[in-house]
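Inside the fold
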Amino acid sequence: MSQEQTPLFSGLVAHAKKNPIQFHIPGHKKGAGMDTEFRQFIGDNALSIDLINIGPLDDLHQPKGIIKQAQDLAAEAFGADRTFFSVQGTSGAIIAMIMAVCGPDDKIIVPRNVHKSIMSAIVFSGAIPVFIHPEIDKDLGISHGITTDSVERALTQHPDAKAVLVINPTYFGISADLKKIVEIAHSHHVPVLVDEAHGVHIHFHDQLPLSAMQAGADMAATSVHKLGGSMTQSSILNVREGLVSAKHVQSILSMLTTTSTSYLLLASLDVARKQLATKGKELIDKTIRLSQSIRKRINEIDHIHCVGEEILGSKATFDYDPTKLIISVKNLGLSGYEVEKWLREKHNIEVELSDLYNILCIISLGDTDAEGDLLVNALKELASECEHRVGQIKPLEVLLPEIPVLALTPRDAFYAETEVVPIEESEGRIIAEFIMVYPPGIPIFIPGEIITKENLHYIRENLEAGLPVQGPEDDEIKTIRVIKEYKAIQ
């Protein structure tokens, strides 16, 4: 088959054009049984292919027809032996990827700045995380990747590890030396799993970091919807056979996937793959040029800095994705959250994320000079508004969370007998739930870690800045769930 073809999308359209009488779900029956206002907004074309796994349309759980053809084309496009479509987002693909290689008490080497889905997979599987400290950028207040040296040390100290997990690239677009990490892991006969949520496009352009499959990794969970043009919640899981079994991966993925799979999401993966495979380099060329132009203009604005190639050079900053605009605003005397809110309220601009010191803006295939001009002009206006106060601003001390000590496995802590205590009385206790700022969804605490005074302070700083601290059962984060302690009998 040719990469110009879209067997899944074309098959759905052909089926819809036959206009069959449907005595099957979904119950809206091509929109006829749906709320009129919603139907008119969504459109009959979309609703006509919102179908279910009847015979002619194949079945994601055991594909043999048009879904298999679409997945095979994706495998060819991404350089994988097998590619699986996910309608559970990249989070679902990540959980399947980890559960395919790790069981109870198996060790997995992971960076501590992982997404919450990775820690969820560790809880589900019962695996024991061996944490590697990511490199910390004390100027930006963010974590980068892991170094080749730290991977070698971890594998030497834990020769029984079942896998190494790498984030490539990070949420902020920074890549470690993934090819070298893969070589090190494979010399220990250990597979490399890659969280490639923010890197679907890097495979299709030689000016971007190496993709997981190009670097020789064994599995990669990749968000096509984030930067590849498919619909939200649609992702893929790429597999290279050898150290992992694609058939076993398929069975785990099937266990975690709804049987009512969305054909709209699946079709969007099919057409996104076609666009990336046939026009990706040309479209990404334009996107990189636009990103670099916006970066240059932002860096002409006083007291605002947009990170570029100068970030490279450390062992954990081997390469970067220029389409991610990390914009440091701390010299304006504002938090990233305050800038995010100002851009929303004053200019109707939404950013990808903000933290205490930065905002992150993503430039994709869908952006043009017009959007770039609006962002640059808004930031110029903001800098002008702040000009009178800049000289009075004390240099900010960048605050970063420490990595707490893991006292229990995340699974044991999650399922242990617990109690709820006021957060100000929780120092020294073992936490039984997650706490994170989302986005990016990197945990400050995971179940099983010992609560520290420093990290409680970091949580308060984020709350006071208005950032979205999430995870605990208590939405207001006044209380926290910890492992129950029993007093000795007198």
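Please refer to the structure higher up on the page.
Every value quoted in this text rests on a predicted model; they were computed, and no experiment measured them.

1. A closer look at the overall build of the protein chain
From N to C terminus, the protein chain includes 15 helices and 20 strands. Against the 2.2 N^0.38 benchmark of 23 Å for 490 residues, the protein chain shows a C-alpha radius of gyration of 24 Å, consistent with a compact globule. Within the span of the protein chain, comprising 490 residues, buried residues form 54% of the whole. For the protein chain, contacts bridging at least 24 residues in sequence account for 73% of all contacts bridging at least 6. For the protein chain, the accessible area works out to roughly 21,800 Å², and carbon and sulfur atoms hold 51% of it. Positive and negative charge centroids in the protein chain, built from 45 and 65 side chains respectively, lie 4 Å apart.

2. Section: the sheet that holds strand β15 (residues 358–362)
Ordered by their spatial adjacency, four strands build an open sheet running β11-β13-β15-β14, and the pairing between neighbours is antiparallel. Two strands in the sheet have a free side with no partner beyond their single neighbour: β11 (305–306) and β14 (353–354). Looking at chain direction, β14 and β15 are connected through two bridges and run antiparallel. Counted as the bridge partner of L353 is L360 from β15. In this fold helix α11 (residues 263–298) packs onto β11 and β13 (324–328), with an angle of close to 10 degrees to the strand it touches most, β13. Each of β14 and β15 is contacted by helix α12 (residues 336–347), which is oriented at about 50 degrees to β15, the strand it contacts most.

3. Description of the packing of aromatic side chains
Tallied over the full model, the rule gives three aromatic pairs. On the numbers, 5.1 Å between centres and 80 degrees between planes, the contact of F78 with F204 is edge-to-face. Here F204 lies in the loop between β8 (192–196) and β9 (219–222) and F78 lies in helix α4 (residues 66–78), a separation of 126 residues in the sequence. Residue F204 is classed as buried on the basis of its relative accessible area of 12%. With a centroid separation of 6.3 Å and 45 degrees between ring planes, the pair formed by Y171 and F172 is classed as tilted. Residue Y171 shares its accessibility class with F172, and that shared class is buried. Note that R112 overlies the ring of F131, its terminal NZ or CZ placed 5.5 Å from the centroid.

About the cut-offs
- Residues numbered from 1 in each chain as written.
- Predicted model: local features only at pLDDT ≥ 70, side-chain atom pairs only at ≥ 80, totals over all residues.
- Heavy atoms only, no water.
- Helix = DSSP H or I, 4+ residues; strand = E, 2+ residues; numbered from the N terminus.
- Rg over C-alpha atoms; globule rule 2.2 N^0.38 Å.
- Buried < 20%, exposed > 50% of the residue type's maximum accessible area, 1.4 Å probe, protein only.
- Contact = heavy atoms within 4.5 Å.
- Areas by Shrake-Rupley, 256 points an atom, 1.4 Å probe, with all protein chains shown as cover.
- Lys, Arg positive; Asp, Glu negative; His and termini not counted.
- Charge placed at Lys NZ, Arg CZ, Asp CG, Glu CD.
- Pairing = 2+ DSSP bridges.
- Axes fitted to C-alpha atoms, helices over the stretch in contact; angles between N-to-C directions.
- Phe/Tyr/Trp six-rings, centres within 6.5 Å; stacked < 30°, edge-to-face > 60°.
- Lys NZ or Arg CZ within 6 Å of the ring centre and 35° of its normal.

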